Amino acid sequence: MRKSARWGIGIGGILFTTVFFLVPFAFIFTMSAKTGPEAARLQFSWPTEFVLWENIVAVFQARNYMLIVAFINSFTLTVFSVALMVVFGAMVAYVLDRRKSKLNGLINAAILAGLIVPPAVVPTIWVMQSLGIFKTLFGLILIEVAFGLSFTILVMRAFIATIPREIDEAAIVDGAGPLRLFFRVILPLLKPTIVTIVVVQSIFVFNDFQNPLYFLPGDANATVQLTLFNFQSQFVTSYNLLFTNILVITIPMLVMYLIFQRQIVSGMTAGAVKG
Amino acid sequence: MHSEATARPKTAAPRAVARHVERSYPLWFYIPGGLVYVVLFIVPTLLSFYFAFTRWTLFDSTFVGFDNFIQFFAEPGLIGSLKNTLVYGVVTSASKVVLGMLLAVLLSGPIIARGYLRSVTFFPVLVSAVGVGLTFQVLLDPFNGVVNQVWTAITGADGPGWLTNPDLALLSVAAIDVWKGVGLATLIYIAGIAAIPNEYFEAARVDGAGAWQQFRSIILPLSFPATSTVILLSLIGGLRSFDLIWSTTQGGPGFSSDVIASVIYKQYQAGFYGLSTAGNVILFLVVTAIVYPLSRWLNSKETSL
């Protein structure tokens, strides 16, 4: 490509992404630094009085520190469900790739069903109630695992297929049992796809609104997404606090993405897309 | 360790091999994931085919035959959601394919500020659908919203009520969905384009192919696996979409942006569990009837490439 084209397309791209992708973010930021009355004008302008910190404090204090409880709930939910998804998913993907058994057809069909079929809401609540895990964080963790497993297995299996079997053989010759072989040899080799899965599924679980709404209702168990409705009522909306809340709950995912962004594309190239 | 393994002769008796394979890759590895999946996904799905035909209070249920389905297809508000679901799924998925590929091609070339541009395109994916929905509700406010302020500044006329006009609401939400989701589609395309061997481009350049010809004859066909991934993922997501619609319009105004997923929630909230589950069964049938044959067809095209 000629030098002028590199600059031309680059500058065009910067203009385009600034207008379409950065302006809404700048809007969120400026709104969350404004005072209530100024924010209510909904304008895209620099705050005349910069009160971001005061707003952050107010958002955390609102409704008896609900946001802190919600952050603890959301972090617990995300960490445990993604960890279980990775371990359970890798176990299935690994045996599915390595061992040809009569179950293979059935399991492949189940994975496809898990991707396509929308979960049946009320019957799921009914099952959870029968098991005594409805309205519990534990129950919601298992729900996220059940719904996220198919995608995890799909991405991981394509990657496991690229790991030479000679590595398994060597470990077996050295006397490793199935658990040691899997946890000590195979799982560490899956690191590139694990990073991709962890980032993609964490974003999904942390940002999930629908499943907590159905399966973990109630203010005491709120996840961070549900706190967004704290500042909205039928008559008055505290726009500055609403946007501060959006800002505060987006930061964890933003930080995670910035740390792992290089690995995500390489993990995808190795797994999802090639498979 | 390695040399031992590679030197090992592969002449062991088939039965011995089979036994060692069984021991090293035990089938019980399927159990932890399988148990969670069967109990919380398969069982409720199967149950839904019974409860959809009942009047249901969670404690007891009376069998009412096709009543729930008749009601679903008879009420304009409910049947409209079926059409809206299809429009929403097709519009969002098609836009993500076209825009995702376009952005990925630009962001795969040797342009300045590439890393920065890639990150910025992905940022909306990191914000929750509810956060995005509430933000755009404010940006698209018919009177004071930033979008209509700019609209008035340019055209001099009042802008439309993006989320309050029944003819526009569904398409506005779809556009917000594309804004939020195009970064993921772009990422998948970037990975797909990166997987194309460089020799193809070199050969094309030697033969004097221009940028358009390279796109037409190399990138377009060889990124097909990425295209089918994007189509399937965004179509499945679009047909099931709930969060964004709920946080922008709640299905309104009237029923003009109701989709099956929001109808399921409204009926659940109202305590009509049987009708809500019937909605689930209809969504199941719609998604399966579209996505399953499509994925078979895309797969067959992929292998014939």
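Residues numbered from 1 in each chain as written. Chains lettered and ligands numbered in written order. Predicted model: local features only at pLDDT ≥ 70, side-chain atom pairs only at ≥ 80, totals over all residues. Heavy atoms only, no water.

## Some details on the overall build of chain A
Per the secondary structure count, chain A includes 11 helices and 0 strands. Scanning chain A from its N terminus toward the C terminus, one meets helices and strands in the order α-α-α-α-α-α-α-α-α-α-α. On the principal axes, the C-alpha backbone points of chain A span a range of 70 × 65 × 35 Å. Every one of the 275 residues in chain A was classed for burial, and the buried ones make up 52%. Excluding contacts between residues fewer than 6 apart, the proportion of contacts in chain A whose partners are at least 24 apart in sequence is 72%. (Helix = DSSP H or I, 4+ residues; strand = E, 2+ residues; numbered from the N terminus. Buried < 20%, exposed > 50% of the residue type's maximum accessible area, 1.4 Å probe, protein only. Contact = heavy atoms within 4.5 Å.)

## A few points about the environment of A:Leu216
All names here are of chain A. Relative to the helices and strands, leucine 216 resides in the loop between α10 (210-215) and α11 (239-270). Distance in space between the C-alpha atoms of leucine 216 and lysine 135 is 4.4 Å, their sequence separation being 81 residues. Discounting chain neighbours no more than four positions away, the residues touching leucine 216 are Lys135, Thr136, Leu137, Leu140, Asn211 and Asn221.

## Considering the side chain of B:Ser119
The topology assignment puts B:Ser119 in helix α6 (residues 114-126). Judged by relative accessible area, which is 9%, B:Ser119 ranks as buried. A polar side-chain atom of B:Ser119 sits 2.9 Å from a polar atom in the side chain of A:Gln261. Beyond its immediate sequence surroundings of up to four residues, B:Ser119 is in contact with A:Tyr257 and A:Gln261. (Polar contact = N/O pair within 3.5 Å; in protein donor to acceptor, adjacent residues only side chain to side chain.)

## Thoughts on the domain arrangement of chain B
Entries for chain B in the domain assignment read domain 1 (1-41) and domain 2 (78-304). The straight-line distance from the C-alpha centre of domain 1 of chain B to that of domain 2 of chain B is 41 Å. (Domains from an automatic or database assignment.)

## Quick word on the packing of aromatic side chains
For any pair of aromatic rings, the description consists of the separation of the ring centres together with the inter-plane angle of the planes. In the structure shown here, the tally under the stated rule is 48 aromatic pairs over all chains. Geometrically, the ring pair formed by A:Tyr94 and B:Phe29 is tilted, given 6.3 Å between the ring centres and 40° between the ring planes. Placement of A:Tyr94 in helix α3 (residues 52-98) and of B:Phe29 in the loop between α2 (14-24) and α3 (31-51) is noted, with the two residues assigned to different chains. A residue is classified by how much of its surface remains accessible, and A:Tyr94, at 0% relative accessible area, is buried. Judged by centre distance (5.7 Å) and plane angle (15°), the rings of B:Phe242 and B:Trp246 are stacked. Residue B:Phe242 shares its accessibility class with B:Trp246, and that shared class is buried. (Phe/Tyr/Trp six-rings, centres within 6.5 Å; stacked < 30°, edge-to-face > 60°.)

## Remarks on helix α1 (residues 3-32) of chain A
In this model, α1(A) (30 residues) spans 41 Å end to end at C-alpha, consistent with the 44 Å of a helix rising 1.5 Å per residue. For α1(A), the complete set of buried residues consists of A:Gly10, A:Gly13, A:Thr17, A:Phe21, A:Pro24, A:Phe25, A:Phe27, A:Ile28, A:Thr30, A:Met31 and A:Ser32. (Expected span 1.5 Å × (residues − 1).)

## A look at the UniProt feature "transmembrane region" (unreviewed entry) in chain B
All names here are of chain B. Taken from the UniProt record, the annotation "transmembrane region" (unreviewed entry) applies to residues 27-53, 86-108, 120-140, 178-197, 218-239 and 272-294. Helix makes up 78% of residues 27-53 and strand 0%, with an end-to-end C-alpha separation of 37 Å. Regarding residues 86-108, the helix share stands at 100% and the strand share at 0%, and the terminal C-alpha atoms are separated by 32 Å. (UniProt positions renumbered as here; feature names shortened; annotations may be inferred.)

## So, the nonpolar core
Ranked by internal contacts, the top residues of the largest apolar core, which has 179 residues, are A:Tyr94, A:Leu190 and B:Leu40. Sequence-distant contacts of A:Tyr94, that is, excluding residues within four places in its chain, are made with A:Ile160, A:Asp168, A:Leu181, A:Phe182, A:Ile186, B:Ser24, B:Tyr25 and B:Phe29. (Core = buried A, V, L, I, M, F, W, Y, C linked by side-chain atoms within 4.5 Å.)

## Points about the UniProt feature "transmembrane region" (unreviewed entry) in chain A
Residue and element names in this part refer to chain A. Within this structure's numbering, the places UniProt gives as "transmembrane region" (unreviewed entry) are residues 7-29, 65-94, 106-126, 138-160, 181-206 and 239-260. A helix fraction of 81% and a strand fraction of 0% characterise residues 106-126, whose end C-alpha atoms lie 26 Å from each other. Spanning residues 138-160, this segment combines 100% helix with 0% strand, and its end C-alpha atoms are found 30 Å apart.

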